[in-house]
Amino acid sequence: MEVVNSYCISAVDGTLSSLHKVYHDTQYGFKAENDNELFGSLILEINQAGLSWDTILNKKDSIRKVYADFNIKAIAAFTEKDIETLLDNSGIIRMRGKITAIIHNANQILQLQKTTGSFENWLNQNHPLPIEGWIKLFKTIFKFTGKEITKEFLMGNGYLEGAHEKGCPIYEKAIAAHPKWYTEKS
Ligand SMILES: [Zn+2]
């Protein structure tokens, strides 16, 4: 099959920078290993809105650090003082709307963990849904999760098809990790 995903084209061409290569080859399309990391990928997607993925990958370590190593419980407890500290940090994306949405979402995930056991269980219980269904569902629960953010989060974690094209050197490796979209199909 023709490779049309630009990320995969660059992987075939060998033109991905090392930063992008690590993300493309080891994370994109592979489900995060636990709830905090799942939320971490949503945090990165929310931070990206309106900016390049390059910017986010360059700041990802600082973002992880200020967002309590993506600990959902810790983020849910962030106070106004914490928000001010984040807004003062030039190493991250300083936008109040994104920060408060992330705190809101952390609280929502704590609730999902109470009712379904984990954020992952909740995703699995709702899977499979067409993309429109996911977007609608995310909008009822989370803030700052528009179409692109929801789609990239789900694709990046293997709930939706399309992270890697057939012909991409990582395609088989991604399938071997049993992404939800593929398990559903077979
Ligand atoms: Zn690829």
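What counts, and at which threshold
Residues numbered from 1 in each chain as written. Predicted model: local features only at pLDDT ≥ 70, side-chain atom pairs only at ≥ 80, totals over all residues. Heavy atoms only, no water. Domains from an automatic or database assignment. Contact = heavy atoms within 4.5 Å. Buried area = accessible area lost by both parts, 1.4 Å probe. Salt bridge = Lys/Arg side-chain N within 4 Å of Asp/Glu carboxyl O. Nonpolar A, V, L, I, M, F, W, Y, C, P; charged D, E, K, R; others polar. Helix = DSSP H or I, 4+ residues; strand = E, 2+ residues; numbered from the N terminus. Axes fitted to C-alpha atoms, helices over the stretch in contact; angles between N-to-C directions. Parallel < 35°, antiparallel > 145°, perpendicular 65-115°, else oblique. Left-handed = near helix turned anticlockwise from the far one by under 90°. Donors = N, O, S within 2.8 Å, 3.2 Å for Na, K, Ca; no water. Buried < 20%, exposed > 50% of the residue type's maximum accessible area, 1.4 Å probe, protein only.

1. Some points on the domain arrangement of the protein chain
Assigned domains within the protein chain: domain 1 (1-31 + 158-186) and domain 2 (33-147). Each of domain 1 and domain 2 has a C-alpha centre, and these two points are 23 Å apart. The partner domain 2 presents 15 residues to the 10 residues of domain 1 that form the contact. Taken together, the two surfaces of domain 1 and domain 2 that pack against each other cover about 1,200 Å², and 64% of this comes from carbon and sulfur. The three residues of domain 1 that bury the most area against domain 2 are Leu19, Lys31 and Tyr159, which together make up 48% of that side's buried surface. Counting across the interface, domain 1 meets domain 2 through one salt bridge. For Glu120, the salt bridge identified is with Lys31, shortest N-O distance 3.0 Å. Counted by class, the side of domain 1 that touches domain 2 contains six nonpolar, one polar and three charged residues.

2. Topic: the environment of Glu45
Mapping Glu45 onto the fold places it in helix H3 (residues 35-48). Glu45 sits 45 residues away from Ser90 along the chain, and the two C-alpha atoms are 18 Å apart. The contact partners of Glu45, leaving out residues within four places of it in the chain, are Tyr23, Trp53, Ile149, Glu152 and Phe153.

3. As for the packing of helix H9 (residues 131-141) against helix H10 (residues 147-156)
In contact at an axis separation of 10 Å, H9 and H10 are set at 110 degrees when each is read in the N-to-C sense. Looking at the two axes, H9 sits roughly perpendicular to H10. Crossing handedness for the pair H9 and H10: right-handed. Of the residues in H10, those in contact with Ile131, Trp134, Ile135 and Phe138 of H9 are Lys147, Thr150, Lys151, Phe153 and Leu154. Classifying every residue of the contact of H9 with H10 by side-chain character gives six nonpolar, one polar and two charged.

4. Examining the coordination of the zinc ion
Under ideal tetrahedral coordination, the four donors around a metal are separated by 109.5 degrees; under ideal octahedral coordination, the six donors are separated by 90 or 180 degrees. For the zinc ion, the protein coordination sphere consists of Cys8 (SG), His24 (NE2), His164 (ND1) and Cys168 (SG), at 2.1 to 2.3 Å. Mapping the donors of the zinc ion onto the primary sequence gives the spacing C-x15-H-x139-H-x3-C. The buried category is assigned to Cys168, whose relative accessible area is 6%.

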